[in-house]
Amino acid sequence: MKVFLYFFSLFIIPSVSFSQKNFTVAFYNVENLMDTLDNPHTYDNDFLPNGKYKWDSQKYAAKITAVATVISKIGDSDGPELIGLAEVETKKELLNLVASKELKSSHYSIVHYDSPDQRGIDVALLYKSNCFKVISSRIYSASFLTIKSHTRDVLLVKGIMEKDTLFVLVNHWPSRRKGKEQSENKRIAVAIMVREITDSILQVSVNAKIMVMGDFNDDPSDNSLFIELNAKPELSTLKNGEFYNPFYLLNKQGHGTLLYNQKWYMFDQILLSKNFFEKKTFYPFKEAMVYDPDWLYYKKEKQKGPYRTFMGKNYTGGYSDHFPVCIVFRK
């Protein structure tokens, strides 16, 4: 009971929002937004009422409220215009999320596909249809890669924002569960695939504006992002076909989105193609940030990291083991 009272008390928070004249793009790994039903085709047994985490309808409802609360606080008073999500089990979770009292007034629409991930977790994109019109969407499967385990698909969404055509790629790359070096080849393989996707877009439309967002399970300076995807920290020297990564310098300054063994990692990032800064039809870039107000830290203590749903097997009723990231454009 104390856990639930503490959990719900956190939602009585003043909204920390940006100016009403912004267009905000965000990404959030929501840490196992799972339903309570058994999917016989995936390894979701831990998140069942009789599973490892004793996952029930009460915890599920609290998780929906937690994630919705965080999203509602990012950007303007009604949340970001676009937000990519990772670790969502089914579209039902997304429907419950956008129908929650915290997000209902934002009128989010959903782009989601089931992926071949062994645990059944997917990526998705939420968007406000009054300011972003989806033209098409598709997924690119990484299951063809020479790796034993299937990983999440890459989601590509093409849409119109004002007079601009935007391409948004939502990613959740293979984890480091078996160690960084042992698993690096998997992330590099997906990075090469993403690079091929973005190159093909630019071949058709040289002025295309492309956002690549996700939980990359690598830092901005790692080979998969810095070398294979050509994501660079210096805007002034950016070349055609390269991406600007504003989270590189934030990471060097000690910021991160998750804490492991008392070290901060910047696995969650949003990259922008050079074309965002060459044409004035899109809103000008304002800033990039990790969204990490005090109430998103466990017990509001920064050395304890993000306030997650579980600490080991113990239910703490928090939000996620990752912080969201966002990029803000001026309208």
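Everything below is about the structure printed above this text.
These lines cover the structure that appears in this document, whether it is placed above or below.

So, how was this worked out
- Residues numbered from 1 in each chain as written.
- Predicted model: local features only at pLDDT ≥ 70, side-chain atom pairs only at ≥ 80, totals over all residues.
- Heavy atoms only, no water.
- Core = buried A, V, L, I, M, F, W, Y, C linked by side-chain atoms within 4.5 Å.
- Buried < 20%, exposed > 50% of the residue type's maximum accessible area, 1.4 Å probe, protein only.
- Helix = DSSP H or I, 4+ residues; strand = E, 2+ residues; numbered from the N terminus.
- Contact = heavy atoms within 4.5 Å.
- Salt bridge = Lys/Arg side-chain N within 4 Å of Asp/Glu carboxyl O.
- Phe/Tyr/Trp six-rings, centres within 6.5 Å; stacked < 30°, edge-to-face > 60°.
- Lys NZ or Arg CZ within 6 Å of the ring centre and 35° of its normal.

What follows concerns the nonpolar core. Ile71, Leu85, Leu126 and Phe329 are the most contacted members of the largest nonpolar core, which totals 73 residues. Top contributing element to this core by residue count: helix α2 (residues 57–73), with eight residues. Every residue in contact with isoleucine 71, bar those within four places of it in the chain, is listed here: Tyr28, Gly79, Pro80, Ile83, Leu85, Leu97, Leu103, Tyr108 and Leu126. By size, the runner-up hydrophobic cluster in this structure holds 22 residues, among which are Ala142, Val154, Leu225 and Phe243.

Taken as a whole and judged by the stated rule, the model has 16 salt bridges. With a closest N to O distance of 2.9 Å, lysine 128 and aspartate 78 form a salt bridge. Remark: aspartate 78 occurs in the loop between α2 and β2 (82–88) and lysine 128 occurs in strand β4 (residues 122–128); sequence separation between them is 50 residues. When its relative accessible area of 2% is taken as the criterion, lysine 128 is described as buried. Note on aspartate 78: relative accessible area 30%, which makes it partly exposed. Where arginine 187 meets aspartate 218, a salt bridge forms, and the shortest distance between an N and an O atom there is 3.0 Å. Taken together, the residues arginine 187 in helix α4 (residues 180–204) and aspartate 218 in the loop between β8 (209–215) and α5 (223–228) connect sequence positions 31 residues apart. Considered together, arginine 187 and aspartate 218 belong to a single accessibility category, that of buried residues. Linked by salt bridges that have partners in common, Arg176, Lys180, Arg187, Asp218 and Asp222 make up one network.

With that settled, consider the packing of aromatic side chains. By the definition in use, this model includes 23 aromatic pairs. On the basis of an interplanar angle of 80° and a centroid distance of 6.4 Å, the ring pair of phenylalanine 47 and phenylalanine 310 is categorised as edge-to-face. Here phenylalanine 310 lies in strand β15 (residues 310–311) and phenylalanine 47 lies in the loop between β1 (22–33) and α2, a separation of 263 residues in the sequence. Between phenylalanine 276 and phenylalanine 329 the ring centres are 5.9 Å apart and the planes differ by 25°, which places this aromatic pair in the stacked class. With a gap of 53 residues between them, phenylalanine 276 in the loop between β13 (268–273) and β14 (285–290) and phenylalanine 329 in strand β17 (residues 325–330) connect regions that are remote in the sequence. You'll find phenylalanine 276 and phenylalanine 329 in the same group, each marked buried. Each member of the aromatic cluster is reached from another via a ring pair, and the members are Phe47, Tyr53, Trp55, Phe310 and Tyr315. The ring of tyrosine 315 carries lysine 59 above its face, with NZ or CZ at 5.1 Å from the centroid. A cation over an aromatic ring shows up here: lysine 232 above the ring of phenylalanine 226, its NZ or CZ 3.7 Å from the ring centre.

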